[in-house]
Each structure stands twice: as structure tokens, then as C-alpha cells.
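What the coordinates show
Single-letter residue listing:
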Amino acid sequence: MSAPHILVVEDEPAIADTITYALSTDGFEPHWCASGAAALQAQAAGGIALAILDIGLPDINGFELFKRLTAQQPGLPVIFLTARSGEIDRVVGLELGADDYVAKPFSPRELVARVRTVLRRTQRAAAAPPTAPTATSSAATAAAATHGFAIDDERKQIRFRGKALDLSRIEYRLLKVLAERPGRVYSRDELMQRAWDDPAAAFDRTVDAHVKMLRAKLREIDAAADPIVTHRGLGYSLREE
Ligand code: CA
């Protein structure tokens, strides 16, 4: 079997060098492109298994490039290299999955481990769709409803104060865990175990980024609502009323 071809789109040669070196050392075949246009050309040649995209590129930004690459090759796994927290929010907002970005500065080993995990996950997902979370007991649903949340496990939907929230799969699972047991403090690790298909691949800050998105969605329904409590150094809980 030949080495998986990894498209590396990064305009800073020093960073690109580090990445391509780490990838080839680990048995991958990296293809470095310094611009979006070059990346689209390289993709057209075929055989790309995964793309690593810098967001700040000289011609088009990484998000636009992502759209074009996946239009050509639906399901292409992508890992974004993000330099600012605002970019992380956008990546999370795209709902590509939990593990589709690495924040700069990053260690090359961490990035290569991420490449491996994402490839494994996409191959597994192609073989069998992830199993649905376990069914909610009616008692837990009733308890959650008293705190303004109503969980519809069949539709994978949560209503807050009567309004349906538009949640990603991970956000749905996170909020469900918290809402079912108001007052119970969950560590980031526990939340990952419950909400992620592959907890080993998620980092602490990934949980934080998703909680941030959740809070924003809850505020859209009620600007004063802040039902998710941060316990410094411990994790998160749903506020007991
Ligand atoms: Ca750049």
C-alpha cells in the first residue's frame, strides 16, 4: 500500500518545512503548496487523502479553499491551522467535526498524530456510521424540562424555553449530558468521553470552544440566559434553579 498523500497548504516556508518533514518521517507523502491556486491544481492531479490548510493564505483564505476542495472531492478530511481564537470559532462554526483544527504554535508531532486520527476516523466512518447516543430516560427528560430544556432524543433536538436549538452533533450531546443532571459538575474529560466519537483525539480547549458556541446559541433565545456554569479548574455544569 502506498503512503497516503497529504496536501499541505501553508505560505510560510519554515512552517511548511516542519510539517512536511514530520509527515514524511511518519510515513506520509506530503505535497506542499504555498497558495490556494497551487493547492487546487495539486488536487486536480488526484490521490489526496487529507488536506492541511493554513487560513491566512496569499490568494484565497483557507475557508474558501476548503469549500472549493470539498466541492471537487466531497468528504475530503481537512485540518485547519489556526492562528487566532476567532479562527477557531469559525472552524467550530463550520461543524466539520471536533478535531479539524490545530492552533498555532503547534508541535509537528501533535499535528501528525492528528492526521493519523482523522484518517482513521474517516475510514471508520466510511465503514460504519457512528452509533447514536443512548436513549434518554423519561425521568431525566422531565427533570431537564423543568430547567427550560426539553430533550427530544428521537429527533436529536433540544428545545430551550420552547424554542428549538440548531445544534451540531457534539453540541447536542454536550448539552444533553449537562441538562439531564443540573448541578452535576462534569470535567472536560468526562464531557469528551460522553460527547465525542473519539475522545482521545479531542483537546481540552475543544470542549471550551463548543461550550462557547452553545452559550452563544442559548443567548440567541434569551440574551440574559447563562445556564452553563464554568467551574474553574473543574469543568462545567448546568445551573441549578
Ligand atoms: Ca499564513
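Please refer to the structure placed before this passage.
Residues numbered from 1 in each chain as written. Predicted model: local features only at pLDDT ≥ 70, side-chain atom pairs only at ≥ 80, totals over all residues. Heavy atoms only, no water.

Brief notes about the coordination of the calcium ion
The coordination sphere of the calcium ion contains the protein donors Asp11 (OD), Asp54 (OD) and Gly56 (O), at a distance range of 2.2 to 2.4 Å. For the calcium ion, the donor residues sit on a single chain with the sequence spacing D-x42-D-x1-G. A residue pair is termed long-range when its members are at least 10 positions apart, and aspartate 11 in the loop between strand 1 (5-9) and helix 1 (13-25) and glycine 56 in the loop between strand 3 (48-54) and helix 3 (62-72) qualify at 45 residues. (Donors = N, O, S within 2.8 Å, 3.2 Å for Na, K, Ca; no water. Helix = DSSP H or I, 4+ residues; strand = E, 2+ residues; numbered from the N terminus.)

A look at the pairing of strand 2 (residues 29-33)
Inspection of the sheet shows strand 1 paired to strand 2 by five bridges, in the parallel sense. In the strand pairing of strand 2, histidine 5 is matched with glutamate 29. Regarding the hand of the β-α-β motif, the stretch spanning strand 1, helix 1 and strand 2 is right-handed. (Pairing = 2+ DSSP bridges. Right-handed = clockwise from strand over helix to strand, strands pointing away.)

Describing the pattern of salt bridges
Scanning the model with the defined rule gives 14 salt bridges in all. A salt bridge links aspartate 222 to arginine 161; the shortest N-O distance between them is 2.2 Å. Here arginine 161 lies in the loop between strand 7 (157-160) and strand 8 (163-164) and aspartate 222 lies in the loop between helix 9 (204-221) and strand 9 (228-231), a separation of 61 residues in the sequence. We classify arginine 161 as partly exposed; its relative accessible area is 44%. Glutamate 180 serves as the salt-bridge partner of lysine 176, at 3.3 Å between the closest nitrogen and oxygen. On the criterion of helical spacing, the pair formed by lysine 176 and glutamate 180 is a turn pair, its members being four residues apart in helix 7 (residues 169-180). Pair check on accessibility: lysine 176 and glutamate 180 agree, each one buried. Residues participating in the shared-partner salt-bridge network are Glu10, Asp54 and Lys104. (Salt bridge = Lys/Arg side-chain N within 4 Å of Asp/Glu carboxyl O. Buried < 20%, exposed > 50% of the residue type's maximum accessible area, 1.4 Å probe, protein only.)

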